[in-house]
Amino acid sequence: MDCRNYYSVRMHASALGRHISGAERIVTPDKLDSVARELLSRALAKDRSPDHIVVTIDDLSGLIHRSLTALDVTTLNSSADPAAARADAARLLQATGVGADAVEKAFSLLSRGASPSGGNMRGAMIMDARTGERLEPDQERGVRASRFDWTGEAGEKMRTLLNEQGLVHERTYEALALASKIADSPGFISELCWSDDPEYTAGYVSSRLTGYVRFPCLKKEGDARGGRAVFIDRKKFDAAQFLSFMEEEAVLIERTGQCRPDTDVDHFLQRIGSDVRTGS
Ligand code: AMP
């Protein structure tokens, strides 16, 4: 990937100091104008009018960069009951090597608001996968992944694959890109996420082993608590290196993975177990 010809375009909209919406893209110079307008329209399209909109454009010349393949996507059409879905998500996280205590701690913190003041964080918690100890330098804000996007071709193909599974929401497309970047971070083991949007109940577990596994209902409708927990192998963790990857390094997703449904977690775990054994 040649970053001399790419720009990062980021939008952040807020009202009375509270975040309303944000989005970001990586584009070639010929698309700068149209994409900056597109993100501005998006900021203005929200129901709650922003009083502050920032569109930031950075030349990515000289920044370390890499190209990635998106994580495989599995939609688990299992339980509409959040408690049962969380139990399934916990099993997946443990299958990726996260300790039971760390899993429990992540669910408990994300359910009640993981920032020390009790609210949602703007970024992700970083947790030692063995002990659940929090490693992010700023627990109020967390660590935000930035500077990632699909190439035009991969993005189009991914939209088609997701649409075929009935996943037409822009959120899934964007969350998959974000999860694919995070999955390439140094020391990464797995991630747990559900949205803080009270209307949007879906969430996911992602890892190299499982890919991106989407649960339609990880919380009750109306619940405004959400966030992300990234589980890390502490032996491989270096805070400065991790932050620089998440926030600075540009990543373009150039290839899509597979996209398929599964009936339940038992069947899914059996399947990936046999994929691992047969090397497929
Ligand atoms: P969302 O999926 O956009 O509803 O975000 C859910 C939660 O994920 C937020 O409350 C944040 O805690 C976290 N989050 C959102 N965007 C990012 C990001 N770019 N990097 C890391 N964490 C994020």
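This text follows the structure it describes.
Throughout what follows, the structure given in this document is the object of discussion.

Calculation rules
Residues numbered from 1 in each chain as written. Predicted model: local features only at pLDDT ≥ 70, side-chain atom pairs only at ≥ 80, totals over all residues. Heavy atoms only, no water. Helix = DSSP H or I, 4+ residues; strand = E, 2+ residues; numbered from the N terminus. Contact = heavy atoms within 4.5 Å. Near = heavy atom within 4 Å. Polar contact = N/O pair within 3.5 Å; in protein donor to acceptor, adjacent residues only side chain to side chain. Areas by Shrake-Rupley, 256 points an atom, 1.4 Å probe, with all protein chains shown as cover. Nonpolar A, V, L, I, M, F, W, Y, C, P; charged D, E, K, R; others polar. Core = buried A, V, L, I, M, F, W, Y, C linked by side-chain atoms within 4.5 Å. Buried < 20%, exposed > 50% of the residue type's maximum accessible area, 1.4 Å probe, protein only. Salt bridge = Lys/Arg side-chain N within 4 Å of Asp/Glu carboxyl O. Axes fitted to C-alpha atoms, helices over the stretch in contact; angles between N-to-C directions. Parallel < 35°, antiparallel > 145°, perpendicular 65-115°, else oblique. Left-handed = near helix turned anticlockwise from the far one by under 90°. Pairing = 2+ DSSP bridges.

Here we take up the environment of Gly-257. With respect to the element layout, Gly-257 can be found in the loop between β12 (250-255) and β13 (259-262). Each C-alpha atom of the pair Gly-257 and Phe-237 lies 27 Å from the other, and the pair is 20 residues apart in sequence. Every residue in contact with Gly-257, bar those within four places of it in the chain, is listed here: Ala-70, Asp-72 and Leu-161.

Attention now moves to the site of the ligand. Near the ligand lie 15 residues; those nearest to it are Met-121, Ala-145, Ser-195, Asp-196 and Arg-228. The side chain of Asp-196 places a nitrogen or oxygen atom 2.5 Å from an oxygen atom of the ligand. Taking 490 Å² as the accessible area of the ligand by itself, protein coverage stands at 84%. If you list the elements that add at least two residues to the shell around the ligand, you get α5 (170-182) and β11 (227-232). Taken together, the residues of the shell around the ligand break down into six nonpolar, four polar and five charged.

Judged by nonpolar contacts, the single largest core of 37 residues is most densely connected at Ile-126, Trp-150, Met-158, Tyr-212, Val-230 and Phe-242. When residues of this core are traced back to their parent elements, those giving at least two are β7 (148-150), α4 (152-164), α5, β8 (188-194), β11, α6 (239-247) and β12. No other element matches the seven residues that α5 contributes to this core. When sequence neighbours within four positions are dropped, the list of residues in contact with Tyr-212 reads Leu-71, Asp-72, Val-73, Thr-74, Thr-172, Ala-175, Leu-176, Ala-179, Tyr-204, Val-205 and Ser-206. With 29 residues, the next largest nonpolar core counts Ala-90, Val-265, Phe-268 and Ile-272 among its residues.

Inspection of every chain in the model, using the stated rule, returns 20 salt bridges. Two residues, Arg-91 and Asp-266, come together in a salt bridge whose shortest N-O distance is 2.9 Å. Note that Arg-91 is positioned in helix α2 (residues 82-95) and Asp-266 in helix α7 (residues 265-278), a separation of 175 residues in sequence. For Asp-184, the salt bridge is made with Arg-208, and the minimal N-O distance between the two is 3.5 Å. Highlighted residues: Asp-184 in the loop between α5 and β8 and Arg-208 in the loop between β9 (203-207) and β10 (211-215), separated in sequence by 24 residues. Here the residues in one salt-bridge network are Arg-10, Asp-58, Arg-147 and Glu-248, joined through shared partners.

Below, the discussion takes up the packing of α2 against helix α3 (residues 100-112). Here α2 crosses α3 at 140 degrees, and the two axes come no closer than 10 Å. As summarised for this structure, α2 and α3 are arranged oblique, according to the angle between their axes. Of the two possible hands of crossing, α2 and α3 adopt the one that is right-handed. Only Ala-100, Val-103, Phe-107 and Ser-111 of α3 make contact with α2, whose side of the interface consists of Arg-86, Ala-89, Ala-90, Leu-93 and Gln-94. Here the residues of the contact of α2 with α3 are counted per class, giving six nonpolar, two polar and one charged.

As a further point, take the packing of α4 against α5. Contact geometry of α4 with α5 gives a least axis separation of 11 Å together with a crossing angle of 125 degrees. With respect to α5, the element α4 is oriented oblique. Crossing of α4 against α5: the hand is right-handed. When α4 is examined against α5, the residues Gly-155, Met-158, Arg-159 and Leu-162 are found in contact with a partner set consisting of Glu-170, Thr-172, Tyr-173 and Leu-176. Of the residues assigned to the contact of α4 with α5, the class counts are four nonpolar, two polar and two charged.

Taken in spatial order, the three strands make up an open sheet running β4-β12-β7, and their pairing is parallel. Two strands in the sheet have a free side with no partner beyond their single neighbour: β4 (65-69) and β7. Pairwise comparison of adjacent strand axes, ignoring direction, gives a mean angle of 25 degrees for this sheet. As paired strands, β4 and β12 are joined by five bridges and run parallel to one another. Following the sheet pairing, Thr-69 is matched in β12 by Arg-255.

Across the five residues that make up β9, a large majority, five, are buried. Neither face of β9 is exposed, since Gly-203, Val-205 and Ser-207 on one face and Tyr-204 and Ser-206 on the opposite face are all buried. Note: β8 against β9, five bridges, orientation antiparallel. Note that in β9 the partner of Leu-192 across the bridge is Val-205. The pairing of β9 with β10 spans five bridges and is antiparallel. Note that in β10 the partner of Gly-203 across the bridge is Phe-215. Connecting β9 to the next strand, β10, in antiparallel fashion are three residues.

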